[in-house]
Amino acid sequence: MKTEFVSKRAKPYADVPDEKWNDWRWQLSNRLNTVDEIGEIIPLTESERKALQTQGLFRVDITPYFISLIDPDDPEDPVRRQVIPRAEELQAFTAMMEDSLAEDRHSPVPGLVHRYPDRVLMLVTTQCASYCRYCTRSRIVGDPHQTFKREEFEMQIEYLKRTPQVRDVLLSGGDPLVLAPKILEELLSRLREIPHIEIIRIGSRVPVFMPMRVTQELCDMLAKYHPLWMNIHVNHSNEISKELAEACDRLTRVGIPLGNQSVLLAGVNDNVHIQRQLVQDLVRIRVRPYYLYQCDLVEGAGHFRTPVAKGIEIMEGLRGHTSGYAVPQYIIDAPGGGGKIPVMPNYLLSMSDHKIILRNYEGYIATYEEPTDYLPSKAAKFKGVKRVEAGQEGLVSLLEGKEMFIKPEGFDELHNRHGIQHRLKNEEKWKPLGIGSEESADGTKE
Ligand SMILES: *Cc1c(COP(=O)(O)O)cnc(C)c1O
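Before going into details, it helps to say that this report is about the structure given with it.

## Some details on the overall build of the protein chain
If you tally the helices and strands in the protein chain, you get 15 helices and 12 strands. Expressed as a percentage of its 446 residues, the buried residues of the protein chain come to 50%. Across the protein chain, the fraction of contacts at a sequence separation of at least 24, relative to all contacts at a separation of at least 6, is 74%. Surface exposure of the protein chain reaches about 21,800 Å², of which carbon and sulfur atoms provide 52%.

## Considerations on the nonpolar core
Nonpolar side chains tend to gather and get buried jointly when the protein is soluble and globular. Of all hydrophobic cores here, the largest spans 91 residues; its most connected members are M122, L160, L171, L191 and L222. Both domains that meet at this core, namely domain 1 (11–90) and domain 2 (104–344), each give it at least three residues. Counting residues in each nonpolar core, the second largest holds 11 residues, with I312, M315, L318 and Y330 among its members.

## Quick notes on the sheet that holds strand β9 (residues 339–342)
On the basis of which strands lie adjacent, the open sheet formed by 9 strands has the order β1-β2-β3-β4-β5-β6-β7-β8-β9 and mixed pairing. At either margin of the open sheet sits one strand with a lone partner, and together these are β1 (112–116) and β9. Adjacent strand axes in the sheet meet at a mean angle of 30 degrees, parallel and antiparallel pairs treated alike. As defined by bridge partners, strand β3 (residues 168–172) adjoins strand β4 (residues 199–203) across 4 bridges and the pair is classed as parallel. Residue pairing across strands places L170 opposite R201, the latter belonging to β4. Its contacts with the sheet put helix α7 (residues 150–161) on β1, β2 (119–123) and β3, and the angle it makes with β2 is roughly 175 degrees. Of the strands in this sheet, β6 (258–263) and β7 (287–293) touch helix α12 (residues 272–284), which is tilted by about 145 degrees from β7.

## Describing the site of the ligand
Near the ligand you find V113, R115, Y116, R119, L121, L170, R201, Y290, Y291 and K340, and these make up its full shell. In this structure, Y290 approaches the ligand through a side-chain N or O atom, which is 2.6 Å from an oxygen atom. A distance of 2.5 Å separates an oxygen atom of the ligand from a polar atom in the side chain of Y291. Relative to its unbound accessible area of 390 Å², the ligand is 89% covered by the protein chains. Residue composition of the shell around the ligand, by class: 6 nonpolar, no polar and 4 charged.

## Side note on the state of the cysteines
Summed over the entire model, instances satisfying the criterion amount to 0 disulfides. Of the cysteine sulfurs around C219, a residue in no disulfide, the closest is that of C248, at 9.7 Å. On the accessibility criterion, C219 (0% relative accessible area) is buried.

## A look at the environment of R81
With respect to the secondary-structure elements, R81 resides in helix α6 (residues 78–83). For R81, a relative accessible area of 9% gives the class buried. Between the alpha carbons of R81 and A266 there is a distance of 9.7 Å; along the sequence they are 185 residues apart. Aside from chain neighbours lying at most four places away, what touches R81 is E76, R86, R133, A266, G267, V268, H303 and F304.

## Comments concerning helix α11 (residues 242–253)
Given a rise of 1.5 Å per residue, 12 residues ought to cover 16 Å, and the 16 Å separating the end C-alpha atoms of α11 matches this to within 8%. Taken together, the buried positions of α11 are E243, L244, A245, A247, C248, L251 and T252. Of the residues that open α11, the one with a side-chain oxygen 3.3 Å from the backbone nitrogen of E243 is S241. One or two steps after α11, the chain reaches G255, where phi turns positive at roughly 90 degrees.

Procedures and definitions
- Residues numbered from 1 in each chain as written.
- Predicted model: local features only at pLDDT ≥ 70, side-chain atom pairs only at ≥ 80, totals over all residues.
- Heavy atoms only, no water.
- Helix = DSSP H or I, 4+ residues; strand = E, 2+ residues; numbered from the N terminus.
- Buried < 20%, exposed > 50% of the residue type's maximum accessible area, 1.4 Å probe, protein only.
- Contact = heavy atoms within 4.5 Å.
- Areas by Shrake-Rupley, 256 points an atom, 1.4 Å probe, with all protein chains shown as cover.
- Core = buried A, V, L, I, M, F, W, Y, C linked by side-chain atoms within 4.5 Å.
- Domains from an automatic or database assignment.
- Pairing = 2+ DSSP bridges.
- Axes fitted to C-alpha atoms, helices over the stretch in contact; angles between N-to-C directions.
- Near = heavy atom within 4 Å.
- Polar contact = N/O pair within 3.5 Å; in protein donor to acceptor, adjacent residues only side chain to side chain.
- Nonpolar A, V, L, I, M, F, W, Y, C, P; charged D, E, K, R; others polar.
- Disulfide = S-S within 2.5 Å.
- Expected span 1.5 Å × (residues − 1).

Structure below.
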């Protein structure tokens, strides 16, 4: 049964005039962060009180809009668990790491993580509209004294200008959409001045925490910097309100393709039925489920972790059971900086020279006969692209596989200045990818 997406407003906000409620600045300045403020909207448990009264806890802030999505009578409400801390957050685990993805180690300049050959992650602010209790970057996020830093931004731009293999820049943080509108636009326009940057992506939970920020004006501004993609972050269908549906509609109408990244969280969405409803509700609002992440080894987030087997079970319950468009990839971001690794149920049962044995989502077993006359040496040749403008020859040689990494001028000096041991230093490591190389699929050189 298709249900309508609804608007909600917690009782204490009943008298707030609509102009205020629908104004993102009002939402930001009326965020809740103390035990008294939150307790006025939702009767708190002992565990939540204890956590909220603890000094030095990872920052708490909840927009009036988002707290209104919580059922105040349900201590296990899935929205509540994402933003209201519990005593378990205070436990330290030996397996937990401050910078579990080793992002700092992969930063050629502060705030820029260059982990993959052709794309970078740019941390443009430490601020968010509300703070997720399982935040992967709780080590840096939330600090009110460390917001957008111009000096760092200039260094990031310099690095990008000198690094032609970067064709994809992912803006994250913190949340890029809480930046002052002028700064956000400056950032986008400066990136667009760099000819080798093909796509810009924004990772943001603002549409979810504060959909009123996604004004038509913001959408029109973003659309000036196409091709621009956006990933939002929804973990449970209860977060999909009428307001979020409308915000996503505005974004997709200006041509921004939307994806969703969710995190598998114990007690929130570690259930195949919850996940199936989530992904189906997302495609209804034209948001394509992109990644489902295994919870990272982050200090304070141990109680959110599930076994990987739970994620596999969920993927098994999605593939085949619902639209392919609705099926995300399940990802473990490897601790220590190994990057994102997709994990899947096994559908390939066995493999020989001439046939492979598969199973489908229902357990039906099928055989696929391999071709007997396939010649790897006759595989299509990659001829590169013919759309390159003067001054971008470096990019061409990258695309043709002649070089996987061009060390930009001043690269070593930058590294030394920041004392960063970057794996880019080891140029050898960038070669095995073989993208567009002359080596054919079976590894034989022609
Ligand atoms: C996640 C991430 C990206 C983007 O990865 P995609 O799989 O392309 O979405 C890029 N850089 C870093 C450091 C990341 O963590």
